[in-house]
Structures are given as C-alpha cells and as structure tokens.
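Geometric and topological summary
Listed here are the chains, written in short residue letters.
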Amino acid sequence: MRLKAILADDEPNILRNLQAVIPWEELEIDIVGTAKNGLEALELCIGHIPDIVMSDIRMPQMDGITFIHKLREINEDCTVLMVTGYQDFDYVRSLLRVGVSDYILKPINYEELENSIRKLAGEIRAKKQNHQEELLKWGKIRSLAYEKILQDIMMDYTDITASTQLPIDQGDLETLRYVFAIIDVDNYSQKSLLWTEQERKLWNFAVRNVLQDSLADEIANHTVLQMREGEWSLLMAWEETDHTSVETKLCELAAKLQRNVVQSVKLGISVGYFPGPVGLQQLADTYRKLQRFMQLNLDKQQSVLPYKEAKESSDANSSLWFLVEEIVTGMKQLNRPKTEDALDRLKLLLEGLSEGSFARAYQMLHYLILHVLRELREMNALDSQEEEQIWRELDKSESIPHLLQVMLQLVSNGLEGTNKKKNSELLMAAAKEYIRAHYSTDFGIEDIASSLGISSSYFSLLFKQHFGETFVEHVTKHRMEQAKSLLLHSDKSITDIGKCVGYIERRYFTKVFQKFTGEIPSEYRDKRKEGN
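Residues numbered from 1 in each chain as written. Predicted model: local features only at pLDDT ≥ 70, side-chain atom pairs only at ≥ 80, totals over all residues. Heavy atoms only, no water.

Regarding the packing of aromatic side chains
Condition: Working definition: rings of Phe, Tyr and Trp (its six-membered ring) pair if their centres are within 6.5 Å, and the pair is stacked with planes under 30 degrees apart, edge-to-face with planes over 60 apart, and tilted otherwise. Numbering goes from the N terminus for both helices and strands, where a helix is a DSSP run of H or I of at least four residues and a strand is a run of E of at least two. Each residue's exposure class comes from its accessible area (1.4 Å probe, protein chains only) as a fraction of the maximum for that residue type: buried when under 20%, exposed when over 50%, partly exposed otherwise.
Within the structure shown, the criterion is met by twelve aromatic pairs. Here Phe459 and Phe471 contribute two aromatic rings whose centre-to-centre distance is 6.2 Å and whose plane-to-plane angle is 70°, an arrangement assigned as edge-to-face. Within this pair, whereas Phe459 is found in helix 17 (residues 456-467), its partner Phe471 is found in helix 18 (residues 471-489), the two being separated by twelve residues in sequence. A relative accessible area of 8% places Phe471 in the buried class. With centroids separated by 5.4 Å and ring planes inclined at 85°, the aromatic side chains of Phe513 and Tyr524 adopt a geometry described as edge-to-face. Of the two residues, Phe513 sits in helix 20 (residues 506-517) while Tyr524 sits in helix 21 (residues 521-530), which places them eleven residues apart along the sequence. Taking relative accessible area as the criterion, Phe513 reaches 0% and is therefore assigned buried. Accessibility expressed as a relative area gives 8% for Tyr524, which makes it buried.

Some details on the pattern of salt bridges
Put simply, the rule is: Definition used for salt bridges: Asp or Glu carboxyl oxygen within 4 Å of a side-chain nitrogen of Lys or Arg.
What the rule picks out here adds up to 23 salt bridges. Where Glu375 meets Arg228, a salt bridge forms, and the shortest distance between an N and an O atom there is 2.8 Å. With Glu375 in helix 12 (residues 358-378) and Arg228 in strand 7 (residues 222-228), this pair connects stretches of sequence that are 147 residues apart. With relative accessibility at 2%, the residue Arg228 sits in the buried group. Note that Arg288 and Asp285 form a salt bridge whose closest N and O atoms lie 3.8 Å from each other. Residue Arg288 and its partner Asp285 are both found in helix 9 (residues 283-296); the two are separated by three residues, about one turn of the helix. Arg288 gets classed as partly exposed once you look at its relative accessible area, which sits at 36%. The partly exposed category is assigned to Asp285, whose relative accessible area is 35%. Here the residues in one salt-bridge network are Arg2, Glu25 and Asp30, joined through shared partners.

Brief notes about the environment of Val83
Let me state the cut-off plainly: Any two residues whose heavy atoms approach within 4.5 Å at even a single point are treated as in contact.
With respect to the helices, strands and loops of the structure, Val83 is situated in strand 4 (residues 79-84). For the pair Val83 and Tyr103, spaced 20 residues apart in sequence, the C-alpha separation works out to 5.7 Å. Setting aside residues up to four positions removed in sequence, Val83 forms contacts with Met54, Ser55, Asp56, Ile57, Ile104, Lys106 and Ile108.

Notes on the environment of Ile52
Here Ile52 lies in strand 3 (residues 52-56). Put simply, Ile52 and Ile6 are 46 residues apart on the chain and 6.5 Å apart in space, counted from C-alpha to C-alpha. Excluding its chain neighbours within four sequence positions, the residues that come into contact with Ile52 are Lys4, Ala5, Ile6, Ile29, Cys78, Thr79 and Ile124.

Spelled out as structure tokens, the structure:
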C-alpha cells in the first residue's frame, strides 16, 4: 500500500536532503509535492490529500502552526511530523494538542527521522487496512439489513411509511422500482424428502450461490432473497426502458440461470416474473400473486412464466389455493380455530365440485399438500417420520377423499407440532434479551433464530405478532435510544457512539438517527446540553 507525502520547509537545502537521504521508495512513499511556506503546503494538501505531511515550524507567509490549524479544517486524518528548533516541553506539548504525531529537533538526525517516518507509515497502513476491512464488513452488514427489510416488506410484516429507513444511499421510497421474479426448484418437496436438515441447507446454499454468481456478471443492482426452502425472490433495479426489452432480457437471464443451476447442482428451476415495474408498496401483493400463479401452473418444469391475471376469480383451483393459504396462516399464527375453520371450508368446497372438475382438482390438491409440507418444514413443525408417512399416503392416494384425509392428517400433525414448540412468550423474551446483550455487535435474524432453535421466517412472524413491529424496526429503535443516552451522558465522539450501538459508518448512523429523531446527532447533543 503506497502512501503520499508532502514536505514543507523554507530552506531549499533541507528539502533536497530530505528527498535524497530518506529511502522513500523502500518505504513505499511517494513525495507528491514540496513547499517553501505554509500557504504552498496548504494548496498542495488540498490538491493531493496526503497521508503524511512533514513541515518546519518557522516559514514565511504562513508558519507551521497556522498551517496545521488550517490543515485540520480540511483533513483530520493526515499524519503530521514537525521539524523544530524549540526544545521547550510546553511548546512541544502545544504541538501535540494541534494534532502533530511526532517532532524532530534541528539539526536533523536523519537516522532518527527515518525511523520515525517508518513507524508512522506502519501506523497509517494499519489504520487504513482496518478502515478498509470495516467498510467491507459494513457493506456486507448494510446489504444484509437491506435484504431483511425487503423480505419483511414482501412477507407483509411491515408497512411502508415516510419514516421507513432503507440502508441505501440513492433513491427515495416513492421512486424505487424493481423488476420482480420468483425462482422455484421444480418438485422440491419430493426431491428433498430423503435429505437431512443439514443436506437441505447445503443444497439451498449451493443453489443460491449459483444464482448469485450467475447474476453478478449480468446485473449491477440486484437482490436475491430466500423466501422458503427451494424458493427465492429476485429483485432488480428497474431501468427506464420499454417493457418488451425488459421481458426479453429476463427470458435470456432465466435461461442462463436454469442452465447454470442444472449444470452445477443438477436441479431444475422454473422462473416466474412480473412483466412491469413493482414499487415497494406493491411488493407484498406482487409476491403473493406471483407465487400463487406459479403454484397453479402444476406442470411447470424448467419453465419461464410471465405473470398473467386469472380470468375467472371464482375458479375452484384458485379458491383451493386461498383456503390452503388460510390454513397455513392459521398454523403459523398458532391459531387452531382459524386453521380448522379454513379446513372445514376446504372440505365443503371439494364436496361441491362437479364431476368435470375432479381431475384438475385432484391434481391441484395433491400439489397444495406439497405446498403445505414446505411451509410446515419452514416452521419445523413436522418430524421426519411424520413427513415420510404423509409421502407414503400420497403415493397410494387415488381419489379426492383420500387426498383430503392426507391433508387432514398433515394439518393435524402441523398443529400438534407447533403446539409442542416452546411457548412463544418465552421465545420472544429470550429474543429480547439476546438483542439487549448484542445490540452493539454485528448480529442478524439468523443468529437469534438459530439460538432459539426455530427458522428465520417463523421467528420473523412470531416477532411481529409479539412486539407489533418487525425485528429491524425493533432493533433500530433500541439502538437509537441507546445512542440518545450516550449523546447526553458521555463525551464520546459521534463516530464512537455510532460504533457503540452497531453502526460502523458514521454517515449511515447519522442518517438513521436523523430519520428517527428529526435531528442529526450533534444537533441533538448540543440543543439538550445547552438547555441544562
């Protein structure tokens, strides 16, 4: 890592000696400018933003002390090494107060100077390296936070309001638009039956990696979210262009994803996409529509499906879907009456079908049982023996009444499984304690869910039901309250306070704090301290 340095001294001989005697190339430091007074040095610093400045104290037009004061107004991080003939301790201490890292007395001992420069350069590189690692780490954290907020929006766990905070720098909530698609592994329930939980995680991880790698070279701004096992949502920044070119691009992209997934992990995928731009407000509804549309296309195998509105809303297959969704929702909410009511209505619907609808309804019900299986697996509400028993019954089923019995058994198992789980009150109490203990560190919903022994999606649902707000909203509120307390009751810098409450980047901490309180951190602190 090469560094930049500026030398300032009014004596030409000293400047020449400094350039000739110190092994700058060995130290990997480039001299980007020399100055004979403070004014020239300041202009060079504005133009080059050096890492190191070495300056004499006594110079014409602007002396070294004034130069350092001016430098600190434009560059707080530059390392300053002063050359001085003053040996008075109080004077030296005043140098340190204005941000001088080290000083060398005249006449210059060049060996001592080289050692000092070498030491300072090492410190600068270590600081830069740490900063780069923090930025990289923070970039990943912001990406994960952005994904979690989008997922909460799509699952309808949160509302989009003027105060909704997305960890991105560009665009506002009113103008954000996405190209939206769902990627689904064909026949996932059947294929994953014999996999252990660890194997399922590995397969899903492998598919996601292939999707990410395939998209990296194609699209700059995209997000891949796993909604449940074997299913991902793809959101891409919408670019102003005609719909035809977008659909053509999507079809080409879907074909590439299908080829790469088959080649890499030997699984077929189908891709369904919404043909127009989707705003944040429409994400949840679009996700439900597109998922339902894909599930109702029972024969899809490595298909690319543009979304189409159902022509007949009273269609029995569509009604089956809505009733099954109510059953799943009731089980997720641990609401037995709601689940059993939807199940009763499902039975009535099947009993009232005409003979001409039997074949299609049989196929649809068979597929919806697989859909419920996937949802219960997400909730960890079935054990492997129960799932195997359901599959055995499915394999020998030949009629709608038999399939209905399979559905009844599946729902019964699911209700028993959710009731066997730890009490939701205890789970959420443990989650609240986890947040309290870890709010200043890098943690995510997966960490908490794993510590509680439940899936991330199930945790998100319980959290919203219990606290009345999403995980991201709750954690942000907790961190902001801690930040307000630190601003009023400590002398820590804004940057340090941001780090204390989990925000490595000061700019993003300031943005979130202002959204939460209506004031930037420094204003919040100054106003309330003035009032005391």
